[in-house]
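Structural features, examined
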Amino acid sequence: MSDERWVWGVGLATTAADGTVLDTWYPAPGVGRIPLGFDPAIPPDDLDRFAVPDARRAVTVDVVTVEVDLDAAPSSTSDAYLRLQALSHRLVRPNEVNLDGIFGHLPNVAWTNAGPMHPDDATRLRPVLARDGIQVQGLDKFPRLLDYVTPPGVRIADASRVRLGAYLSPGTTVMHEGFVNFNAGTLGTSMVEGRISQGVVVGDGSDVGGGSSIMGTLSGGGAHKVSIGARTLLGANAGIGISLGDDCVVEAGLYVTAGSKIVLADEAPTADGARPVVKGAELSGRDGILFRRNSLTGAIEAVRRAGVGVTLNEALHA
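Note that the structure is a prediction, hence the values are computed from the model and not measured.

The subject of this paragraph is the overall build of the protein chain. Helix and strand content of the protein chain: four helices and 26 strands. Overall, the protein chain is about 75 × 50 × 40 Å in size when its C-alpha atoms are taken along their principal axes. When burial is assessed residue by residue, the protein chain has 49% of its 318 residues classed as buried. Surface exposure of the protein chain reaches about 14,400 Å², of which carbon and sulfur atoms provide 52%. Of the charged side chains in the protein chain, 27 are positive and 36 negative; the average position of the first set lies 6 Å away from that of the second.

Written out as structure tokens, the structure reads:
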């Protein structure tokens, strides 16, 4: 097996009083196996000086060294966190790492402005937290990306809208209403003002419009991994359950799924004078298509289009 299918890291694992490992932060995970001669007893960058307990949150912090076979399923919380951070550090792309059963290794955590803590301890220690100005900002299995990784060349307007495990390429802008789930993201310069669900990737130069939604495998999309090609526009409040190729446009407010009946408006009429009709799945991944709704009949139509789909503002994404 190639060492390129492994990642490793030295990190800080936070553990609750009942022994639950809440998270693990890896400052600089790397591709490959643990290097020969590496001594886990001497963490890099004096990482051990941060391994101190926090009585306010009833947690301890320990230095851990972990290596992960990306083709095997996650085996622990620290393992799961290394996979998610490998994605957000852009060491691996979405759908290139085995995440089977990952939810079972991610405990539900009370995320505070002082770090993670067990939900039961958050309730028990609420007066102490209030006294020390510690606020619970969320209760979830996944933390915010920016609490663990600062991806170079990326703009994120609202940290709570991007989960750890998101893959964001340089030039990507995630606006306030944009959302990017784990194991999903952008493969180039992109504008994100809508929802990118788990498993979804968006190509270079594409625009996910305000309020739009891309169906993922955790939101009813089945096993199909939806993707968007390059220079494609998903209009405001639109949605897709099929893949889009390069230079496509989905009209604002239109939702296209695999089962949608779509009129091929460019095709010659059949014997009865009607245009051919196909299901959305038959057009999945094709380049150069405009999806629109006929203003008179209400039917969804697909029209061939030529040229570039959208052109993003270079200054905005620089």
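Of the pockets and cavities examined, the largest pocket occupies roughly 590 Å³. Around the largest pocket sit 29 residues that line it, and Trp111, Gly115, Pro116, Asp147 and Tyr148 are the ones nearest its centre. Broken down by element, the lining of the largest pocket gets its largest block of residues, four residues, from strand β7 (residues 136-140). Of the residues in the lining of the largest pocket, the class split is 15 nonpolar, seven polar and seven charged. Counted as a void, the second largest pocket has a volume near 160 Å³. In terms of residue count, the dominant contributor to the lining of the second largest pocket is strand β26 (residues 300-304) (three residues). Its residues assigned to classes, the lining of the second largest pocket shows six nonpolar, one polar and five charged.

What follows covers the UniProt feature "binding site: succinyl-CoA" (unreviewed entry) in the protein chain. Mapped onto the present numbering, the UniProt feature "binding site: succinyl-CoA" (unreviewed entry) falls on Arg195, Gly210, Ser213, Ala236, Glu251, Ala252, Gly259, Lys279, Arg292, Arg293, Asn294 and Ser295. A maximum C-alpha distance of 26.3 Å shows the annotated residues, which cover 101 residues in sequence, to be distributed over more than one spot. Not counting the four nearest positions on each side in its chain, Gly210 is found in contact with Glu193, Ala236 and Asn237. Relative to the elements of secondary structure, Asn294 occurs in the loop between β25 (289-293) and β26. Once you skip the residues sitting within four places of it in the chain, Asn294 turns out to touch Ala299 and Glu301. There is a polar contact of 2.8 Å between the side chain of Asn294 and the backbone nitrogen of Leu296.

Another aspect to go through is the environment of Gly211. Within the fold, Gly211 resides in the loop between β16 (207-208) and β17 (213-214). For the pair Gly211 and Thr60, spaced 151 residues apart in sequence, the C-alpha separation works out to 41 Å.

Let us now look at the pairing of β25. Across two bridges, strand β21 (residues 249-250) lies against β25 in parallel orientation. Bridge pairing in β25 places Val250 opposite Phe291. The sheet contact formed by β25 and β26 spans five bridges and is antiparallel. Bridge assignment links Leu290 to a residue of β26, and that residue is Val303. Between the end of β25 and the start of β26, which pair antiparallel, lie six residues, with Gly298 showing a positive phi angle near 80°.

A few words on the environment of Leu139. Relative to the elements of secondary structure, Leu139 occurs in strand β7. What makes Leu139 exposed here is its relative accessible area of 55%. As for Leu139 and Val109, which are separated by 30 residues in sequence, their C-alpha atoms are 5.6 Å apart. Discounting residues that sit within four places of it in the chain, Leu139 has contacts with Asn108, Val109, Ala110 and Pro119.

Next up on the list: the sheet that holds strand β8 (residues 155-156). Here we have 10 strands laid out as an open sheet, ordered β8-β10-β13-β16-β19-β21-β25-β26-β23-β24, and mixed in their pairing. Where the open sheet ends on each side, the last strands, each with one partner, are β8 and β24 (277-279). Note: β16 against strand β19 (residues 233-234), two bridges, orientation parallel. In the strand pairing of β19, Asp207 is matched with Leu233.

The rules behind the values
Residues numbered from 1 in each chain as written. Predicted model: local features only at pLDDT ≥ 70, side-chain atom pairs only at ≥ 80, totals over all residues. Heavy atoms only, no water. Helix = DSSP H or I, 4+ residues; strand = E, 2+ residues; numbered from the N terminus. Buried < 20%, exposed > 50% of the residue type's maximum accessible area, 1.4 Å probe, protein only. Areas by Shrake-Rupley, 256 points an atom, 1.4 Å probe, with all protein chains shown as cover. Lys, Arg positive; Asp, Glu negative; His and termini not counted. Charge placed at Lys NZ, Arg CZ, Asp CG, Glu CD. 1 Å grid on protein atoms, 1.4 Å probe; cavity = no way out; pocket = protein on both sides within 12 Å on 5 of 7 lines; lining within 4 Å. Points joined across faces, edges and corners; volume = space filled by probe spheres on them. Nonpolar A, V, L, I, M, F, W, Y, C, P; charged D, E, K, R; others polar. UniProt positions renumbered as here; feature names shortened; annotations may be inferred. Contact = heavy atoms within 4.5 Å. Polar contact = N/O pair within 3.5 Å; in protein donor to acceptor, adjacent residues only side chain to side chain. Pairing = 2+ DSSP bridges.

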